[in-house]
Amino acid sequence: MGKKSKRSKEDLIAKRLARAQATAFVARPFEGLPFEADLICLRELVPAATASAKLKEEFGGQEITVTSLLPAAWQAWHREDGEILAGMQVPVSSTDASRDVAHGILAAVEAAPGTTIEATTEPGQGPRLQDILDTDHPFDIRVLETFENWKLPEAETDSDVAAALEQANDSISPTEKIASVKSAYWTEMSGRTYVRWARPEGEDSIVDALASLQVEGLNDLGGPGTFLGYFRAHGIVVPVWELEFGTQVDDIEEPIAEFGKRLDAALNSGESLTTEARRARSGIIARQLTIH
């Protein structure tokens, strides 16, 4: 076999491998990002919020805004003022959510101001967020009460746009980020109050730790919360507690910080589960719900 034929075969194999990788389902798409848990919360749990991020120099080096939702659920938007926004909540996605968002960001960067990028199920081969984001840049979350970050001047003159914006604002459930721990959010929905805490540790480890605390009567955020179960979301788990209705976020700051210490101790104990804890573990797993 000649060198040219051998090289052609190697190129063909490489292309097939790249295509297979681009279409393979990624169960934990944001793994490796230091703000993985908050990113998942923006995608699945927090109705309106923004966070600052920065591209690596080889991808432009500019600061961008990651937001929970953009108008019409766009994947990305190069605003007329030059700001680049990436939307996390979109109607469709491929098998790799990280590649989807990265594709939208890079397309918006290359596009002219005023261009919007639609979500797609086929972003094609390309880099992922892990490849394009400067992970040393602070990922500071700002939870919003309205979609003020959309900055839609046409809402002042177009009644249809104004009505759509008002409807979007009305859909926002009151939500606040808890300051004393990472990636936990207080929210009120349908007359009930919850805390949802995204944890990047493995599911087995978290469930074991919660089960250990459960049998000791300590899985209640220190008193004000009743444990309901947990979500699975993009490869991590999000435990959920219900609070007495009317409990405000300030009321939960100190209790959840203390609970976090107990949870960390249970995570790092290295002890095998007792019979009672194994029973509690089965009950916790029975109450889990997969988001993605």
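Structure's up top.
Here goes a summary of the coordinates provided. For clarity, every value in this text was computed on a predicted model and none was experimentally measured.

1. Examining the overall build of the protein
Right, on to step 1. When helices and strands are counted, the protein shows eight helices and 12 strands.
Right, on to step 2. Taken over the C-alpha atoms alone, the protein extends approximately 65 × 65 × 30 Å along its principal axes.
Right, on to step 3. Counting across all 292 residues of the protein, residues that qualify as buried make up 45%.
Right, on to step 4. Across the protein, contacts joining residues at least 24 apart in sequence account for 67% of those joining residues at least 6 apart.
Right, on to step 5. Accessible area for the protein stands at about 14800 Å²; split by element, carbon and sulfur atoms hold 49% of it.
Right, on to step 6. Here the protein carries 29 positive and 47 negative side-chain charges, and the mean point of each set is 13 Å from the other.

2. Remarks on the packing of aromatic side chains
Right, on to step 1. The final tally for this structure, using the stated rule, is six aromatic pairs.
Right, on to step 2. With a centroid separation of 5.2 Å and an interplanar angle of 70°, the aromatic rings of W74 and W77 are classed as edge-to-face. By the burial criterion, W74 is buried, and W77 matches it.
Right, on to step 3. Sitting over the ring of W77, R79 keeps its end group 5.0 Å from the ring centre.

3. With respect to the packing of helix α6 (residues 203–215) against helix α7 (residues 249–267)
Right, on to step 1. Close contact between α6 and α7 brings their axes to 9 Å; oriented N to C, the two are set at 115°. Between α6 and α7, the interaxial angle falls into the category roughly perpendicular. Read as a crossing pair, α6 and α7 show a hand that is right-handed. Here S205, I206, A209, L210 and L213 of α6 lie close against α7, whose contacting residues are F259, R262, L263, A266 and L267.
Right, on to step 2. Considering only residue class, the contact of α6 with α7 consists of eight nonpolar, one polar and one charged.

4. Digging into the side chain of Q130
Right, on to step 1. Note on placement: Q130 falls in helix α4 (residues 129–132).
Right, on to step 2. A distance of 2.7 Å separates the side chain of Q130 from the side chain of S98, its partner in a polar contact.

5. Quick look at the nonpolar core
Right, on to step 1. Residues L42, I105, L129 and F139 are the most contacted members of the largest nonpolar core, which totals 40 residues.
Right, on to step 2. Among the secondary structure elements, those contributing two or more residues to this core are α2 (36–44), β1 (49–54), β2 (63–67), β4 (84–87), α3 (97–110), α4, β10 (225–233) and β11 (236–243).
Right, on to step 3. Counting residues per element, this core draws most heavily on α3, at six residues.
Right, on to step 4. If sequence neighbours within four positions are ignored, F139 has contacts with F35, D38, L39, L42, A51, S52, A53 and V66.

6. Observations regarding α7
Right, on to step 1. With 19 residues, α7 extends 25 Å from end C-alpha to end C-alpha; this agrees with the ideal 27 Å at 1.5 Å per step.
Right, on to step 2. A bend of about 30° at P255 is the largest found in α7.
Right, on to step 3. Listed as buried for α7 are V249, I252, E253, I256, F259, G260, L263 and A266.
Right, on to step 4. On its buried face, α7 sits against β7 (175–177), β8 (184–189), β9 (192–197), α6 and β11.

7. Brief notes about the side chain of R79
Right, on to step 1. Tracing the sequence through the fold places R79 in the loop between β3 (76–78) and β4.
Right, on to step 2. Owing to a relative accessible area of 8%, R79 belongs among the buried residues under this scheme.
Right, on to step 3. At 3.5 Å, the side chain of R79 and the backbone oxygen of K151 are in polar contact.
Right, on to step 4. Not counting residues within four places of it along the chain, the set of residues in contact with R79 comprises L85, P113, G114, W150 and K151.

8. Things to note about the pattern of salt bridges
Right, on to step 1. On inspection of all chains with the given rule, the structure shows 17 salt bridges.
Right, on to step 2. One salt bridge connects K151 with E83, and the closest N-O pair in it is separated by 3.6 Å. Of this pair, K151 sits in the loop between β6 (141–143) and α5 (159–170) while E83 is found in the loop between β3 and β4, placing the two residues 68 residues apart along the sequence.
Right, on to step 3. Here R281 and D204 are joined by a salt bridge, their closest N and O atoms 3.1 Å apart. On the criterion of sequence distance, the pair formed by R281 in helix α8 (residues 275–286) and D204 in helix α6 is long-range, its members being 77 residues apart.
Right, on to step 4. Taking relative accessible area as the criterion, D204 reaches 52% and is therefore assigned exposed.

Cut-offs and rules
Residues numbered from 1 in each chain as written. Predicted model: local features only at pLDDT ≥ 70, side-chain atom pairs only at ≥ 80, totals over all residues. Heavy atoms only, no water. Helix = DSSP H or I, 4+ residues; strand = E, 2+ residues; numbered from the N terminus. Buried < 20%, exposed > 50% of the residue type's maximum accessible area, 1.4 Å probe, protein only. Contact = heavy atoms within 4.5 Å. Areas by Shrake-Rupley, 256 points an atom, 1.4 Å probe, with all protein chains shown as cover. Lys, Arg positive; Asp, Glu negative; His and termini not counted. Charge placed at Lys NZ, Arg CZ, Asp CG, Glu CD. Phe/Tyr/Trp six-rings, centres within 6.5 Å; stacked < 30°, edge-to-face > 60°. Lys NZ or Arg CZ within 6 Å of the ring centre and 35° of its normal. Axes fitted to C-alpha atoms, helices over the stretch in contact; angles between N-to-C directions. Parallel < 35°, antiparallel > 145°, perpendicular 65-115°, else oblique. Left-handed = near helix turned anticlockwise from the far one by under 90°. Nonpolar A, V, L, I, M, F, W, Y, C, P; charged D, E, K, R; others polar. Polar contact = N/O pair within 3.5 Å; in protein donor to acceptor, adjacent residues only side chain to side chain. Core = buried A, V, L, I, M, F, W, Y, C linked by side-chain atoms within 4.5 Å. Expected span 1.5 Å × (residues − 1). Bend = angle between axes of the 7 residues up to and from the residue. Salt bridge = Lys/Arg side-chain N within 4 Å of Asp/Glu carboxyl O.

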